[in-house]
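# Close look at the chain arrangement
One-letter residues, chain by chain:
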Amino acid sequence: MTVSNAPASSTGGWLDRRFRLSERGSSLPQEVIAGVTTFAAMAYIVAVNPAIMSAAGMDRGDLVIATALAAIFGSLMMGLTANLPLAVAPAMGSNVIFAFVMVKQMGIPWQGALAMVAVTGVIFLALSLSKLREKVAKEVPDALKVGIQAAVGTLIVFIGLRTAGFVVADPNTFVKMGSLASPAVLLTLAGILVTPVLVARGVPGALILSIAALTVIGIFVPLKPDGTMVTTLPASVFALPKWPESTFLALDFSYLVSHFLVALPLLFYFLCGEFFSTLATLIGVTGAANLRKPDGSIPNATAAFSTDATATIVGPILGTSVVTAFIESVAGVQAGGRTGLTSVVVAACFILALFIWPVFVIIPPQATAPALVVVGIFMLQGLARVDLSDLASAVPVVLMLLVTVLSANLVNGMAIGTFAYILLCLGLGRRAGITPVVWGLGVIFVLYFVVTSRLM
């Protein structure tokens, strides 16, 4: 239920002045409730991000800690510098590209991949502090923005189903559905059917509740005939946080230098994904909270963008991928969050999560797959903006989505979609629609294919 924006009756002191609680019609209890609500809506990331990135060969326990620490840093910085009710944590989508495209498919060492992400953060920070931010936002056409987001969303769904065993390899059809005679597959199916219902009905923390319930049920569901269960019980529930020694400061910048042309399209993806994801989240959350200025501009936008960029530099240093503002922050806004104090409360919740990190380590893929399906579907919502009757808009988007999923490679999808967009615009006499950014991207992808074809 949305809380009224009426002025609070009794808020004063340092917190009121620091976060402008009374001015924004909020109060300390209201902000605490909002922060806890936002955390419940996004806490799944502590389980899902390590589950995905561990596929790159990284230690899952260290990834849990790195994920929480990145969320703590980003959310605190957002609350204290931008004073916006925006929670920040490792991004869904980027972690999939990191583990399954960059590391598993392209063979990039995860240390080199972390360096690429950190460089993206530096570039994004420079853009955030300059007027180039607006120029880049205008010059990437909507068809390519939607295509990239939809391609990543579909890839997330596919990977979630594959890691859970719901989709398996087949020598004749390449892929097929897993056997429904398998209790683990049935558990995944149940989650896929029930989780969207919980989300659609607005159940608070629906995704983390789904993950928790499926993990508990998995204790009693056999994974293999030898008696191995889907969920293995942890040695302990509570434990003191450990430092992510294996991932901290593990970045390998030498790989980035020696494989620069291979890295260029990936740098572009991370930069675009980070930039437009943050922009969309800022617009959505500040609009829901009625915080935008009379001219429609976002308050403290530079500080918010700079927070995302800085967090994306700190994230790889800790051992995780791109860090960004979460759209789940809307849940906290609906609960009354209006200031950065909401984000500070979210950070406090992530600190508490550090003390139950052994629980997050044992969460099975069958429990996270339904959450990945829902997240992927949310990323497909941009398709509603595509005019399918206009081939110049529809073809690049559809090709980007299909090529990405069928080749399990986002860069291939981005490249083919970009080439199709350029050729269609030229063929239809819409040369003005090909901005310098798009021309530059086309050149990058040509160079990428030339280089990779010689490496393979």
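Conventions adopted
Residues numbered from 1 in each chain as written. Predicted model: local features only at pLDDT ≥ 70, side-chain atom pairs only at ≥ 80, totals over all residues. Heavy atoms only, no water. Helix = DSSP H or I, 4+ residues; strand = E, 2+ residues; numbered from the N terminus. Buried < 20%, exposed > 50% of the residue type's maximum accessible area, 1.4 Å probe, protein only. Polar contact = N/O pair within 3.5 Å; in protein donor to acceptor, adjacent residues only side chain to side chain. Pairing = 2+ DSSP bridges. Salt bridge = Lys/Arg side-chain N within 4 Å of Asp/Glu carboxyl O. Axes fitted to C-alpha atoms, helices over the stretch in contact; angles between N-to-C directions. Parallel < 35°, antiparallel > 145°, perpendicular 65-115°, else oblique. Left-handed = near helix turned anticlockwise from the far one by under 90°. Contact = heavy atoms within 4.5 Å. Nonpolar A, V, L, I, M, F, W, Y, C, P; charged D, E, K, R; others polar. Phe/Tyr/Trp six-rings, centres within 6.5 Å; stacked < 30°, edge-to-face > 60°. Core = buried A, V, L, I, M, F, W, Y, C linked by side-chain atoms within 4.5 Å. pLDDT = per-residue confidence, 0-100.

## Here we look at the environment of S22
Tracing the backbone shows S22 in the loop between α1 (13–19) and α2 (28–42). On the basis of relative accessibility, which here comes to 26%, the residue S22 falls in the partly exposed class. At 2.8 Å, the side chain of S22 and the side chain of D16 are in polar contact.

## Thoughts on the pairing of strand β2 (residues 167–170)
In the sheet, β2 pairs with strand β3 (residues 174–177) via four bridges, with the strands oriented antiparallel. Within β3, the position partnered with V168 by the bridge is K176. As consecutive antiparallel partners, β2 and β3 are separated by three residues.

## Considering the pattern of salt bridges
Under the counting rule described, the total for this entry stands at six salt bridges. A salt bridge links R20 to E23; the shortest N-O distance between them is 2.7 Å. Its salt-bridge partner being D62, residue K242 comes within 3.2 Å of it at the nearest N-O pair. One end of the pair, K242, is in the loop between α10 (206–218) and α11 (253–258); the other, D62, is in helix α4 (residues 60–82), with 180 residues separating them in the sequence. The class for K242 is partly exposed, based on a relative accessible area of 31%. One network of salt bridges, in which partners are shared, links D59, D62 and K242.

## With respect to the packing of α4 against helix α15 (residues 341–353)
The geometry of α4 relative to α15 is characterised by a closest axis approach of 7 Å and an angle of 160 degrees between their N-to-C directions. One way to sum up the angle between α4 and α15 is to call them roughly antiparallel. Our pair here, α4 against α15, has a crossing hand that is left-handed. Of the residues in α15, those touching α4 at A68, A71, I72, S75, L76, M78, G79 and L80 are S343, V344, V346, A347, F350 and I351. In the contact of α4 with α15, the residues fall into eleven nonpolar, three polar and no charged.

## What about the packing of aromatic side chains?
Evaluated as defined, the whole model comprises five aromatic pairs. Ring geometry for W14 and F19: centres 6.5 Å apart, planes at 85 degrees, overall edge-to-face. The exposure class assigned to F19 is buried, which follows from its relative accessible area of 2%. Measuring from centroid to centroid gives 6.0 Å for F124 and F305, while their planes differ by 85 degrees, and the two rings are edge-to-face.

## A few points about the nonpolar core
In this structure, M92, F98, M116 and F350 are the most contacted members of the largest nonpolar core, which totals 130 residues. Among the elements that make up this core, the one with the highest residue count is helix α12 (residues 260–288) (13 residues). Apart from the residues within four sequence positions on either side, F98 is in contact with M53, A56, M58, V103, W110, A113, L114, V117 and S321. Ranked by size, the runner-up nonpolar core spans eight residues in total, among them F158, V167, I192 and V373.

## As for the confidence of the model for the protein
Looking at the protein as a whole, its pLDDT mean stands at 86, while 94% of the residues score no less than 70. Helix α7 (residues 132–139) is the least confidently modelled element of the protein, averaging 67 in pLDDT, while α4 averages 96, the highest of any element. Note on residues 1–11: pLDDT is under 50 here. Beyond four places in sequence and across chains, it has 28 contacts.

## Remarks on the environment of I108
For I108, the position within the fold is in the loop between α5 (94–105) and α6 (110–128). Judged by its relative accessible area of 1%, I108 falls in the buried class. Considering only alpha carbons, one finds I108 and H259, 151 residues apart in sequence, at a separation of 9.5 Å. The residues contacting I108, other than those within four sequence positions of it, are M102, V103, A113, M116, Y255 and L266.

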